[in-house]
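Letter by letter, the chains look like this.
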Amino acid sequence: MGKLIFSISLLLLLLDCCHGGKVGVCYGRSADDLPTPSKVVQMIKQHNIKYVRIYDYNSPVLKAFSNTSIELMIGVPNSDLKAFTQFQSNVDTWLKNSVLPYYPTTKITYITVGAESTDDPHTNASSLVVPAMQNVLTALKKVGLSRRIKVSTTLSLGVLSRSFPPSAGAFNSSYAYFLRPMLEFLAENQSPFMVDLYPYYAYRDSPNNVSLDYVLFESSSEVIDPNTGLLYKNMFDAQVDALYYALTALNFRTIKIMVTETGWPTKGSPKEKGAASPDNAETYNSNIVHHTVTNQGTPSKPGEAMDVYIFSLFNENRKTGLDSERNWGLFYPDQTSVYQLDFTGKNNGFRSNSSGANSKGRSESWCIASSKASEIELRGALDWACGPGNVDCTAIQPSQPCFQPDTLVSHSSFVFNSYFQQNGATDVACSFGGVGVKVNKDPSYDKCIYITAGGKNTKATNASALTSSALTSHGNESPVWIFNLCLVISLLFSLQTTTSLAL
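Quick look at the structure, then. (Residues numbered from 1 in each chain as written. Predicted model: local features only at pLDDT ≥ 70, side-chain atom pairs only at ≥ 80, totals over all residues. Heavy atoms only, no water.)

### Focus: the packing of helix 6 (residues 126-142) against helix 7 (residues 176-189)
Here is step 1: Two elements in contact, helix 6 and helix 7, have axes separated by 8 Å at closest approach and are oriented at 20°. On the basis of their axis angle, the class for helix 6 and helix 7 is roughly parallel. The handedness of the crossing between helix 6 and helix 7 is left-handed. Side by side, helix 6 and helix 7 meet where Ser 126, Ser 127, Val 129, Val 130, Met 133, Gln 134 and Leu 137 of the first sit next to Tyr 177, Phe 178, Pro 181, Met 182, Phe 185, Leu 186 and Asn 189 of the second.
Here is step 2: Considering only residue class, the contact of helix 6 with helix 7 consists of ten nonpolar, four polar and no charged. (Axes fitted to C-alpha atoms, helices over the stretch in contact; angles between N-to-C directions. Helix = DSSP H or I, 4+ residues; strand = E, 2+ residues; numbered from the N terminus. Parallel < 35°, antiparallel > 145°, perpendicular 65-115°, else oblique. Left-handed = near helix turned anticlockwise from the far one by under 90°. Contact = heavy atoms within 4.5 Å. Nonpolar A, V, L, I, M, F, W, Y, C, P; charged D, E, K, R; others polar.)

As C-alpha coordinates, then:
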(Lines give C-alpha, C1' and ligand atoms only; values in the text may rest on other atoms or scores of the structure.)
Protein backbone atom coordinates (compact mmCIF):
# COMPACT_ATOMS: atom_id res chain seq x y z
CA MET A 1 0.00 0.00 0.00
CA GLY A 2 2.91 2.35 0.79
CA LYS A 3 4.31 1.82 -2.72
CA LEU A 4 0.90 2.46 -4.21
CA ILE A 5 0.49 5.77 -2.38
CA PHE A 6 4.03 6.81 -3.28
CA SER A 7 3.52 6.00 -6.97
CA ILE A 8 0.26 7.92 -7.15
CA SER A 9 1.74 10.92 -5.35
CA LEU A 10 4.82 11.02 -7.56
CA LEU A 11 2.75 10.64 -10.70
CA LEU A 12 0.45 13.51 -9.73
CA LEU A 13 3.46 15.67 -8.87
CA LEU A 14 5.06 14.94 -12.22
CA LEU A 15 1.90 15.67 -14.16
CA ASP A 16 1.48 18.93 -12.27
CA CYS A 17 5.02 20.09 -13.00
CA CYS A 18 4.55 19.45 -16.72
CA HIS A 19 2.06 22.31 -16.98
CA GLY A 20 3.55 25.57 -18.21
CA GLY A 21 2.92 28.99 -16.79
CA LYS A 22 -0.17 30.80 -18.05
CA VAL A 23 -0.08 33.97 -20.12
CA GLY A 24 -2.96 36.41 -19.78
CA VAL A 25 -3.76 39.94 -20.90
CA CYS A 26 -4.95 42.99 -18.96
CA TYR A 27 -8.13 44.47 -20.39
CA GLY A 28 -8.07 48.10 -19.27
CA ARG A 29 -10.84 50.42 -20.40
CA SER A 30 -9.52 53.95 -19.79
CA ALA A 31 -10.54 55.06 -23.26
CA ASP A 32 -13.54 56.49 -25.07
CA ASP A 33 -13.04 54.69 -28.39
CA LEU A 34 -12.96 51.00 -27.48
CA PRO A 35 -15.12 48.28 -29.05
CA THR A 36 -18.09 46.92 -27.13
CA PRO A 37 -17.26 44.19 -24.59
CA SER A 38 -18.90 41.53 -26.76
CA LYS A 39 -16.68 42.49 -29.73
CA VAL A 40 -13.65 42.51 -27.46
CA VAL A 41 -14.38 38.99 -26.27
CA GLN A 42 -14.70 37.79 -29.86
CA MET A 43 -11.32 39.32 -30.65
CA ILE A 44 -9.79 37.73 -27.56
CA LYS A 45 -11.09 34.32 -28.60
CA GLN A 46 -9.82 34.83 -32.15
CA HIS A 47 -6.32 35.41 -30.81
CA ASN A 48 -6.46 32.38 -28.52
CA ILE A 49 -6.13 34.42 -25.31
CA LYS A 50 -7.37 32.29 -22.42
CA TYR A 51 -6.71 34.44 -19.36
CA VAL A 52 -7.85 38.03 -18.86
CA ARG A 53 -7.60 40.56 -16.06
CA ILE A 54 -10.07 43.42 -15.65
CA TYR A 55 -9.83 46.12 -13.01
CA ASP A 56 -13.41 46.20 -11.80
CA TYR A 57 -16.61 44.15 -11.95
CA ASN A 58 -18.42 45.91 -14.77
CA SER A 59 -21.67 44.06 -15.53
CA PRO A 60 -21.59 44.28 -19.37
CA VAL A 61 -18.00 43.02 -19.35
CA LEU A 62 -18.77 40.10 -17.01
CA LYS A 63 -21.76 39.20 -19.16
CA ALA A 64 -19.69 39.33 -22.36
CA PHE A 65 -17.29 36.69 -20.98
CA SER A 66 -20.10 34.27 -20.17
CA ASN A 67 -20.13 30.85 -21.84
CA THR A 68 -16.48 31.11 -22.85
CA SER A 69 -13.56 29.13 -21.51
CA ILE A 70 -11.67 32.34 -20.73
CA GLU A 71 -10.58 32.61 -17.09
CA LEU A 72 -11.27 36.05 -15.67
CA MET A 73 -9.58 38.00 -12.90
CA ILE A 74 -11.85 40.77 -11.60
CA GLY A 75 -10.93 43.66 -9.31
CA VAL A 76 -12.22 45.74 -6.43
CA PRO A 77 -10.94 49.30 -7.11
CA ASN A 78 -9.20 51.27 -4.36
CA SER A 79 -12.18 53.61 -4.28
CA ASP A 80 -14.37 50.75 -3.03
CA LEU A 81 -12.07 49.60 -0.22
CA LYS A 82 -13.57 51.77 2.50
CA ALA A 83 -17.08 50.41 1.92
CA PHE A 84 -15.69 46.87 1.81
CA THR A 85 -14.13 47.28 5.26
CA GLN A 86 -17.05 48.97 7.03
CA PHE A 87 -19.58 46.15 7.07
CA GLN A 88 -19.52 42.51 6.04
CA SER A 89 -23.04 42.98 4.70
CA ASN A 90 -21.69 45.45 2.13
CA VAL A 91 -19.46 42.77 0.67
CA ASP A 92 -22.12 40.06 0.90
CA THR A 93 -24.48 42.29 -1.07
CA TRP A 94 -21.79 43.15 -3.62
CA LEU A 95 -21.04 39.46 -4.20
CA LYS A 96 -24.73 38.62 -4.50
CA ASN A 97 -25.58 41.44 -6.92
CA SER A 98 -22.38 42.04 -8.89
CA VAL A 99 -20.62 38.67 -9.13
CA LEU A 100 -22.89 35.68 -8.52
CA PRO A 101 -25.39 36.55 -11.29
CA TYR A 102 -22.58 35.88 -13.81
CA TYR A 103 -20.87 32.93 -12.11
CA PRO A 104 -20.10 30.22 -13.12
CA THR A 105 -21.08 30.91 -16.75
CA THR A 106 -18.40 33.60 -16.55
CA LYS A 107 -15.33 31.77 -15.32
CA ILE A 108 -14.12 34.06 -12.52
CA THR A 109 -11.00 32.63 -10.87
CA TYR A 110 -9.45 35.58 -8.98
CA ILE A 111 -10.61 38.69 -7.18
CA THR A 112 -7.99 41.39 -6.64
CA VAL A 113 -8.85 43.62 -3.71
CA GLY A 114 -7.16 46.96 -4.33
CA ALA A 115 -4.47 47.71 -6.90
CA GLU A 116 -0.97 48.98 -6.09
CA SER A 117 -2.41 50.46 -2.90
CA THR A 118 0.99 51.52 -1.53
CA ASP A 119 1.38 53.83 -4.55
CA ASP A 120 -2.07 55.42 -4.25
CA PRO A 121 -1.53 59.10 -3.26
CA HIS A 122 -5.20 59.91 -2.76
CA THR A 123 -6.30 57.42 -0.15
CA ASN A 124 -4.90 55.45 2.75
CA ALA A 125 -5.70 52.42 0.66
CA SER A 126 -3.05 50.02 1.94
CA SER A 127 -4.45 50.05 5.48
CA LEU A 128 -7.83 48.99 4.10
CA VAL A 129 -6.69 46.16 1.86
CA VAL A 130 -6.36 43.26 4.31
CA PRO A 131 -9.69 43.89 6.13
CA ALA A 132 -11.38 44.14 2.73
CA MET A 133 -9.69 40.94 1.54
CA GLN A 134 -10.86 39.15 4.65
CA ASN A 135 -14.45 40.30 4.11
CA VAL A 136 -14.39 39.18 0.47
CA LEU A 137 -13.08 35.78 1.55
CA THR A 138 -15.78 35.50 4.20
CA ALA A 139 -18.45 36.32 1.62
CA LEU A 140 -17.06 33.66 -0.71
CA LYS A 141 -17.03 31.09 2.10
CA LYS A 142 -20.71 31.72 2.79
CA VAL A 143 -21.57 30.64 -0.75
CA GLY A 144 -19.00 27.85 -0.94
CA LEU A 145 -16.66 29.51 -3.44
CA SER A 146 -13.58 30.26 -1.35
CA ARG A 147 -11.62 27.41 -2.96
CA ARG A 148 -12.74 28.16 -6.49
CA ILE A 149 -12.12 31.91 -6.46
CA LYS A 150 -8.84 33.08 -4.92
CA VAL A 151 -8.50 36.45 -3.21
CA SER A 152 -5.38 38.62 -3.36
CA THR A 153 -4.22 42.18 -4.10
CA THR A 154 -1.76 43.62 -6.60
CA LEU A 155 1.38 45.52 -5.64
CA SER A 156 4.22 47.27 -7.44
CA LEU A 157 7.92 46.58 -7.09
CA GLY A 158 7.97 49.71 -4.94
CA VAL A 159 7.17 47.55 -1.91
CA LEU A 160 10.84 46.54 -1.94
CA SER A 161 13.44 48.74 -0.32
CA ARG A 162 16.18 46.81 -2.08
CA SER A 163 16.07 44.65 -5.20
CA PHE A 164 19.73 44.22 -6.17
CA PRO A 165 21.43 41.92 -5.88
CA PRO A 166 18.34 39.70 -5.91
CA SER A 167 19.48 37.72 -2.88
CA ALA A 168 19.41 40.96 -0.86
CA GLY A 169 15.78 41.62 -1.79
CA ALA A 170 13.94 43.16 1.16
CA PHE A 171 10.55 44.70 1.77
CA ASN A 172 10.30 48.35 2.72
CA SER A 173 9.91 48.43 6.51
CA SER A 174 7.50 51.36 6.27
CA TYR A 175 4.93 48.94 4.82
CA ALA A 176 5.33 46.35 7.57
CA TYR A 177 1.95 47.26 9.12
CA PHE A 178 0.30 46.18 5.89
CA LEU A 179 2.60 43.54 4.40
CA ARG A 180 2.85 41.03 7.23
CA PRO A 181 -0.91 40.56 7.73
CA MET A 182 -1.34 40.46 3.95
CA LEU A 183 1.33 37.79 3.58
CA GLU A 184 -0.20 35.79 6.41
CA PHE A 185 -3.53 35.95 4.59
CA LEU A 186 -1.96 34.77 1.33
CA ALA A 187 -0.08 31.91 2.98
CA GLU A 188 -3.10 30.71 4.95
CA ASN A 189 -5.37 30.73 1.90
CA GLN A 190 -2.82 29.58 -0.70
CA SER A 191 -3.31 32.76 -2.70
CA PRO A 192 -0.55 34.17 -4.92
CA PHE A 193 1.55 37.27 -4.27
CA MET A 194 0.46 39.46 -7.17
CA VAL A 195 2.91 42.04 -8.47
CA ASP A 196 3.17 44.42 -11.42
CA LEU A 197 6.70 44.36 -12.89
CA TYR A 198 8.05 46.78 -15.48
CA PRO A 199 11.72 46.44 -16.47
CA TYR A 200 10.89 49.10 -19.06
CA TYR A 201 10.99 51.85 -16.45
CA ALA A 202 14.42 50.79 -15.21
CA TYR A 203 15.82 51.17 -18.71
CA ARG A 204 13.90 54.35 -19.53
CA ASP A 205 15.07 56.12 -16.39
CA SER A 206 18.68 54.93 -16.53
CA PRO A 207 19.66 53.93 -20.08
CA ASN A 208 23.36 54.56 -19.40
CA ASN A 209 23.40 52.06 -16.54
CA VAL A 210 20.91 49.45 -17.72
CA SER A 211 21.43 47.45 -20.92
CA LEU A 212 18.50 47.38 -23.33
CA ASP A 213 19.31 43.78 -24.26
CA TYR A 214 19.23 42.85 -20.57
CA VAL A 215 15.68 44.12 -20.10
CA LEU A 216 14.48 42.68 -23.45
CA PHE A 217 15.66 39.09 -22.68
CA GLU A 218 18.22 39.45 -25.48
CA SER A 219 21.44 39.72 -23.48
CA SER A 220 24.38 37.49 -24.38
CA SER A 221 26.12 38.35 -21.12
CA GLU A 222 25.06 37.71 -17.53
CA VAL A 223 24.79 39.64 -14.29
CA ILE A 224 26.07 37.71 -11.29
CA ASP A 225 24.61 37.82 -7.81
CA PRO A 226 27.75 38.01 -5.65
CA ASN A 227 26.02 36.40 -2.66
CA THR A 228 24.69 33.31 -4.41
CA GLY A 229 26.76 33.06 -7.59
CA LEU A 230 23.52 32.84 -9.59
CA LEU A 231 23.66 34.28 -13.10
CA TYR A 232 20.92 36.51 -14.49
CA LYS A 233 20.39 37.05 -18.21
CA ASN A 234 17.42 39.39 -17.86
CA MET A 235 16.06 41.94 -15.40
CA PHE A 236 12.63 40.32 -15.11
CA ASP A 237 14.09 37.22 -13.45
CA ALA A 238 16.20 39.37 -11.16
CA GLN A 239 13.14 41.32 -10.02
CA VAL A 240 11.10 38.17 -9.42
CA ASP A 241 13.91 36.57 -7.43
CA ALA A 242 14.33 39.73 -5.35
CA LEU A 243 10.70 39.29 -4.32
CA TYR A 244 11.19 35.60 -3.54
CA TYR A 245 14.20 36.39 -1.37
CA ALA A 246 12.23 39.15 0.38
CA LEU A 247 9.44 36.66 1.10
CA THR A 248 11.94 34.10 2.37
CA ALA A 249 13.51 36.68 4.68
CA LEU A 250 10.12 37.02 6.39
CA ASN A 251 9.76 33.22 6.44
CA PHE A 252 7.02 33.08 3.80
CA ARG A 253 8.51 30.32 1.67
CA THR A 254 5.35 28.75 0.25
CA ILE A 255 3.75 31.80 -1.37
CA LYS A 256 3.84 31.76 -5.17
CA ILE A 257 4.38 34.90 -7.21
CA MET A 258 2.03 35.90 -10.04
CA VAL A 259 2.93 38.81 -12.31
CA THR A 260 -0.35 40.62 -12.91
CA GLU A 261 1.11 43.29 -15.18
CA THR A 262 4.16 43.55 -17.38
CA GLY A 263 4.72 44.92 -20.84
CA TRP A 264 6.34 47.56 -23.00
CA PRO A 265 4.96 50.70 -24.71
CA THR A 266 5.19 51.24 -28.44
CA LYS A 267 5.33 55.03 -28.32
CA GLY A 268 6.47 57.64 -25.82
CA SER A 269 7.31 61.25 -25.13
CA PRO A 270 10.67 62.66 -26.32
CA LYS A 271 12.39 61.52 -23.11
CA GLU A 272 11.20 57.97 -23.83
CA LYS A 273 12.18 57.92 -27.50
CA GLY A 274 15.01 55.42 -27.18
CA ALA A 275 12.95 53.05 -25.07
CA ALA A 276 9.33 53.08 -26.24
CA SER A 277 9.04 51.55 -29.71
CA PRO A 278 7.04 48.85 -31.50
CA ASP A 279 10.18 46.80 -32.06
CA ASN A 280 11.16 46.82 -28.38
CA ALA A 281 7.58 46.08 -27.34
CA GLU A 282 7.33 43.11 -29.68
CA THR A 283 10.69 41.76 -28.56
CA TYR A 284 9.96 42.07 -24.84
CA ASN A 285 6.45 40.64 -24.96
CA SER A 286 7.38 37.80 -27.32
CA ASN A 287 10.22 36.80 -25.03
CA ILE A 288 8.22 37.07 -21.81
CA VAL A 289 5.51 34.86 -23.30
CA HIS A 290 8.00 32.19 -24.33
CA HIS A 291 9.82 32.48 -21.00
CA THR A 292 6.53 31.86 -19.20
CA VAL A 293 4.97 29.00 -21.16
CA THR A 294 8.20 27.00 -21.31
CA ASN A 295 8.55 27.02 -17.51
CA GLN A 296 12.03 28.45 -17.55
CA GLY A 297 11.56 29.81 -14.04
CA THR A 298 14.23 32.00 -12.48
CA PRO A 299 17.81 31.28 -11.40
CA SER A 300 16.71 30.73 -7.80
CA LYS A 301 13.65 28.70 -8.84
CA PRO A 302 14.51 27.02 -12.14
CA GLY A 303 11.67 25.28 -13.92
CA GLU A 304 8.99 26.69 -11.65
CA ALA A 305 5.80 27.74 -13.41
CA MET A 306 4.59 31.30 -12.94
CA ASP A 307 1.59 33.06 -14.47
CA VAL A 308 2.11 36.39 -16.23
CA TYR A 309 -0.36 38.98 -17.57
CA ILE A 310 0.63 41.30 -20.41
CA PHE A 311 -0.38 44.95 -20.13
CA SER A 312 -2.40 45.88 -22.05
CA LEU A 313 -5.01 44.72 -24.52
CA PHE A 314 -5.67 48.18 -26.02
CA ASN A 315 -4.07 51.58 -26.25
CA GLU A 316 -6.06 53.71 -23.79
CA ASN A 317 -6.45 57.34 -24.82
CA ARG A 318 -7.82 58.63 -21.50
CA LYS A 319 -4.74 57.70 -19.49
CA THR A 320 -2.86 60.67 -18.11
CA GLY A 321 0.88 61.28 -17.97
CA LEU A 322 3.58 60.77 -20.59
CA ASP A 323 2.66 59.58 -24.07
CA SER A 324 3.72 56.04 -23.21
CA GLU A 325 0.82 55.74 -20.76
CA ARG A 326 -1.56 55.74 -23.71
CA ASN A 327 0.45 53.32 -25.85
CA TRP A 328 0.90 50.00 -24.05
CA GLY A 329 -1.71 48.20 -26.16
CA LEU A 330 -1.35 45.08 -28.25
CA PHE A 331 -4.30 46.30 -30.32
CA TYR A 332 -5.67 49.58 -31.60
CA PRO A 333 -9.29 50.42 -30.75
CA ASP A 334 -10.26 49.31 -34.30
CA GLN A 335 -9.04 45.82 -33.25
CA THR A 336 -6.06 45.74 -35.60
CA SER A 337 -2.77 44.60 -34.12
CA VAL A 338 -0.16 47.15 -33.10
CA TYR A 339 2.28 44.29 -33.72
CA GLN A 340 1.95 40.52 -33.84
CA LEU A 341 2.28 38.50 -30.64
CA ASP A 342 2.08 34.73 -30.40
CA PHE A 343 0.34 33.84 -27.12
CA THR A 344 1.29 30.16 -27.40
CA GLY A 345 4.97 31.03 -26.90
CA LYS A 346 6.09 28.47 -29.45
CA ASN A 347 8.18 30.93 -31.39
CA ASN A 348 11.02 31.05 -28.85
CA GLY A 349 11.28 34.80 -29.28
CA PHE A 350 11.62 34.21 -33.05
CA ARG A 351 10.83 36.93 -35.51
CA SER A 352 11.53 36.83 -39.22
CA ASN A 353 14.01 38.95 -41.04
CA SER A 354 11.67 41.39 -42.76
CA SER A 355 14.13 42.07 -45.53
CA GLY A 356 13.80 38.51 -46.75
CA ALA A 357 17.58 38.25 -47.09
CA ASN A 358 19.18 34.91 -46.45
CA SER A 359 21.27 34.50 -43.33
CA LYS A 360 24.95 34.50 -44.16
CA GLY A 361 26.16 31.03 -45.10
CA ARG A 362 22.68 29.46 -45.01
CA SER A 363 20.53 28.25 -47.90
CA GLU A 364 16.91 28.96 -47.03
CA SER A 365 13.73 27.58 -48.51
CA TRP A 366 10.01 28.21 -48.11
CA CYS A 367 6.89 26.18 -48.74
CA ILE A 368 3.93 27.58 -50.68
CA ALA A 369 0.69 26.25 -52.16
CA SER A 370 0.72 24.97 -55.72
CA SER A 371 -1.21 27.19 -58.11
CA LYS A 372 -2.38 24.00 -59.86
CA ALA A 373 -4.06 22.57 -56.75
CA SER A 374 -7.83 22.34 -56.64
CA GLU A 375 -9.90 24.37 -54.18
CA ILE A 376 -11.01 21.20 -52.39
CA GLU A 377 -7.40 20.03 -51.95
CA LEU A 378 -6.25 23.41 -50.66
CA ARG A 379 -9.20 23.82 -48.31
CA GLY A 380 -8.63 20.37 -46.81
CA ALA A 381 -4.90 21.00 -46.31
CA LEU A 382 -5.49 24.49 -44.87
CA ASP A 383 -8.11 23.26 -42.41
CA TRP A 384 -5.80 20.48 -41.28
CA ALA A 385 -2.81 22.79 -40.79
CA CYS A 386 -4.84 25.31 -38.76
CA GLY A 387 -6.34 22.50 -36.69
CA PRO A 388 -4.44 19.24 -35.99
CA GLY A 389 -1.32 20.74 -37.59
CA ASN A 390 -1.17 23.27 -34.72
CA VAL A 391 -0.33 26.28 -36.89
CA ASP A 392 -1.33 29.73 -35.61
CA CYS A 393 -3.47 31.07 -38.45
CA THR A 394 -4.13 34.49 -36.92
CA ALA A 395 -2.12 36.30 -39.59
CA ILE A 396 -4.54 35.34 -42.40
CA GLN A 397 -7.60 36.64 -40.55
CA PRO A 398 -9.30 39.92 -41.58
CA SER A 399 -7.29 43.07 -40.74
CA GLN A 400 -4.13 40.99 -40.18
CA PRO A 401 -0.92 41.32 -42.26
CA CYS A 402 -1.47 38.27 -44.49
CA PHE A 403 -5.23 38.49 -45.07
CA GLN A 404 -4.78 40.30 -48.38
CA PRO A 405 -4.88 39.08 -51.06
CA ASP A 406 -7.96 37.24 -49.81
CA THR A 407 -7.42 34.09 -51.87
CA LEU A 408 -7.20 30.44 -50.87
CA VAL A 409 -3.80 30.05 -52.55
CA SER A 410 -2.32 33.03 -50.68
CA HIS A 411 -3.70 31.98 -47.29
CA SER A 412 -2.64 28.37 -47.83
CA SER A 413 0.87 29.42 -48.82
CA PHE A 414 1.43 31.35 -45.61
CA VAL A 415 0.06 28.54 -43.43
CA PHE A 416 1.91 25.80 -45.34
CA ASN A 417 5.19 27.64 -44.81
CA SER A 418 4.55 28.07 -41.09
CA TYR A 419 3.96 24.31 -40.73
CA PHE A 420 6.98 23.57 -42.94
CA GLN A 421 9.35 25.66 -40.81
CA GLN A 422 7.86 24.33 -37.56
CA ASN A 423 8.59 20.76 -38.61
CA GLY A 424 12.21 21.03 -39.62
CA ALA A 425 11.79 22.40 -43.17
CA THR A 426 11.88 18.86 -44.58
CA ASP A 427 10.45 17.71 -47.91
CA VAL A 428 7.79 15.71 -46.09
CA ALA A 429 6.68 18.80 -44.15
CA CYS A 430 5.92 20.54 -47.46
CA SER A 431 3.95 17.70 -48.99
CA PHE A 432 0.35 18.45 -47.98
CA GLY A 433 -0.87 15.62 -50.19
CA GLY A 434 1.05 16.96 -53.15
CA VAL A 435 -0.29 20.53 -53.07
CA GLY A 436 2.76 22.03 -51.31
CA VAL A 437 5.76 23.30 -53.29
CA LYS A 438 9.24 24.20 -51.99
CA VAL A 439 10.74 27.45 -53.32
CA ASN A 440 14.04 29.28 -52.78
CA LYS A 441 12.66 32.78 -53.25
CA ASP A 442 11.22 34.54 -50.20
CA PRO A 443 7.43 34.89 -50.77
CA SER A 444 7.09 37.62 -48.12
CA TYR A 445 5.29 40.80 -49.21
CA ASP A 446 4.41 44.12 -47.63
CA LYS A 447 3.91 43.38 -43.91
CA CYS A 448 3.26 39.68 -44.43
CA ILE A 449 6.48 37.96 -43.40
CA TYR A 450 7.09 34.29 -44.17
CA ILE A 451 9.22 32.81 -41.41
CA THR A 452 12.35 30.75 -41.94
CA ALA A 453 14.18 28.41 -39.61
CA GLY A 454 17.32 30.42 -40.33
CA GLY A 455 15.83 33.66 -39.11
CA LYS A 456 15.91 32.82 -35.41
CA ASN A 457 16.63 35.75 -33.11
CA THR A 458 16.74 38.31 -35.91
CA LYS A 459 14.77 41.51 -35.39
CA ALA A 460 12.04 42.67 -37.71
CA THR A 461 12.70 46.16 -39.01
CA ASN A 462 9.00 46.65 -39.71
CA ALA A 463 6.94 47.17 -36.55
CA SER A 464 4.15 45.00 -37.91
CA ALA A 465 6.34 42.10 -38.99
CA LEU A 466 4.72 38.81 -38.16
CA THR A 467 5.75 36.86 -35.10
CA SER A 468 5.48 33.20 -35.95
CA SER A 469 3.86 30.70 -33.65
CA ALA A 470 5.29 27.86 -35.63
CA LEU A 471 8.87 27.46 -34.45
CA THR A 472 9.37 25.39 -31.31
CA SER A 473 12.72 24.99 -29.60
CA HIS A 474 12.69 21.21 -29.75
CA GLY A 475 16.38 21.02 -29.00
CA ASN A 476 15.84 22.08 -25.39
CA GLU A 477 12.35 20.76 -24.73
CA SER A 478 12.26 17.31 -26.38
CA PRO A 479 14.68 15.53 -24.01
CA VAL A 480 12.72 16.78 -21.01
CA TRP A 481 9.45 15.72 -22.57
CA ILE A 482 10.79 12.26 -23.45
CA PHE A 483 12.19 11.82 -19.94
CA ASN A 484 8.87 12.81 -18.42
CA LEU A 485 7.00 10.40 -20.70
CA CYS A 486 9.29 7.51 -19.79
CA LEU A 487 8.93 8.31 -16.11
CA VAL A 488 5.14 8.40 -16.39
CA ILE A 489 5.13 5.00 -18.14
CA SER A 490 7.41 3.56 -15.46
CA LEU A 491 5.21 4.88 -12.69
CA LEU A 492 2.08 3.53 -14.33
CA PHE A 493 3.73 0.12 -14.69
CA SER A 494 4.78 0.23 -11.06
CA LEU A 495 1.25 1.23 -10.06
CA GLN A 496 -0.27 -1.64 -12.09
CA THR A 497 2.16 -4.18 -10.62
CA THR A 498 1.55 -2.97 -7.05
CA THR A 499 -2.20 -3.13 -7.56
CA SER A 500 -2.01 -6.65 -8.97
CA LEU A 501 0.03 -7.86 -6.02
CA ALA A 502 -2.41 -6.25 -3.63
CA LEU A 503 -5.26 -8.14 -5.26
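### Overview of unusual backbone geometry
Here is step 1: Residue Pro 165 is reached from Phe 164 by a cis peptide bond, and omega for that bond is -5°.
Here is step 2: Tracing the sequence through the fold places Pro 165 in the loop between strand 6 (160-162) and strand 7 (170-171).
Here is step 3: The step from Gln 404 to Pro 405 runs through a cis peptide bond, and the omega angle for that step is -5°.
Here is step 4: Along the chain, Pro 405 falls in the loop between helix 12 (375-386) and helix 13 (408-422).
Here is step 5: A positive phi angle is found at Asn 295, which is not glycine, with a value near 55°.
Here is step 6: With respect to the element layout, Asn 295 can be found in the loop between helix 11 (278-293) and strand 12 (297-298).
Here is step 7: Within the chain, Asn 390 stands out as a residue other than glycine whose phi angle is a positive 65°.
Here is step 8: With respect to the helices, strands and loops of the structure, Asn 390 is situated in the loop between helix 12 and helix 13.
Here is step 9: For Asn 390, a relative accessible area of 38% gives the class partly exposed. (Buried < 20%, exposed > 50% of the residue type's maximum accessible area, 1.4 Å probe, protein only.)

### Section: the nonpolar core
Taken as a class, soluble globular proteins show a tendency for nonpolar side chains to be buried jointly.
Here is step 1: Counting 104 residues, the largest nonpolar core has Phe 171, Met 182, Phe 193, Phe 236 and Leu 313 as its most contacted members.
Here is step 2: In terms of residue count, helix 10 (residues 235-249) provides more of this core than any other element does, nine residues in total.
Here is step 3: Setting aside its immediate chain neighbours within four residues, Leu 313 contacts Val 25, Cys 26, Tyr 27, Val 40, Met 43, Ile 44, Ile 49, Gly 329, Leu 330 and Phe 331.
Here is step 4: Ala 369, Leu 378, Cys 430 and Val 435 belong to the second-largest nonpolar core, a separate cluster that totals 25 residues. (Core = buried A, V, L, I, M, F, W, Y, C linked by side-chain atoms within 4.5 Å.)

### Focus: the environment of Cys 430
Here is step 1: Residue position: Cys 430 is located in the loop between helix 13 and strand 16 (436-439).
Here is step 2: Residues Cys 430 and Phe 416 lie 14 residues apart in sequence; the distance between their C-alpha atoms is 6.9 Å.
Here is step 3: For Cys 430, the contacting residues outside a window of four places in its chain are Cys 367, Phe 420, Gly 436, Val 437 and Lys 438.

### Looking at the packing of helix 5 (residues 88-99) against helix 6
Here is step 1: Between helix 5 and helix 6, the least distance of the axes is 9 Å, while the angle of their chain directions is 55°. In terms of their interaxial angle, helix 5 and helix 6 are classed as oblique. Judged by the sense of rotation from one axis to the other, the crossing of helix 5 with helix 6 is right-handed. Contacts from Gln 88, Val 91, Asp 92, Trp 94 and Leu 95 in helix 5 reach Asn 135, Val 136, Thr 138, Ala 139, Leu 140 and Lys 142 in helix 6.
Here is step 2: Along the lines of polarity and charge, the residues of the contact of helix 5 with helix 6 split into six nonpolar, three polar and two charged.

### Remarks on the packing of aromatic side chains
Here is step 1: Within the structure shown, the criterion is met by 20 aromatic pairs.
Here is step 2: Relative to Tyr 201, the ring of Tyr 198 has its centre 5.6 Å away and its plane inclined at 65°; by these criteria the two rings are edge-to-face.
Here is step 3: Residue class for Tyr 198 comes out buried when judged on its relative accessible area of 14%.
Here is step 4: Accessibility expressed as a relative area gives 24% for Tyr 201, which makes it partly exposed.
Here is step 5: With a centroid separation of 6.1 Å and 65° between ring planes, the pair formed by Phe 311 and Trp 328 is classed as edge-to-face. Residue Phe 311 is found in strand 14 (residues 308-311), and its partner Trp 328 is found in the loop between strand 14 and strand 15 (366-369); the two are separated by 17 residues along the sequence.
Here is step 6: We classify Trp 328 as buried; its relative accessible area is 2%.
Here is step 7: Through a chain of ring-to-ring contacts, three or more aromatic side chains come together here, namely Tyr 198, Tyr 200, Tyr 201, Phe 217, Phe 236, Trp 264, Tyr 284, Phe 311 and Trp 328. (Phe/Tyr/Trp six-rings, centres within 6.5 Å; stacked < 30°, edge-to-face > 60°.)

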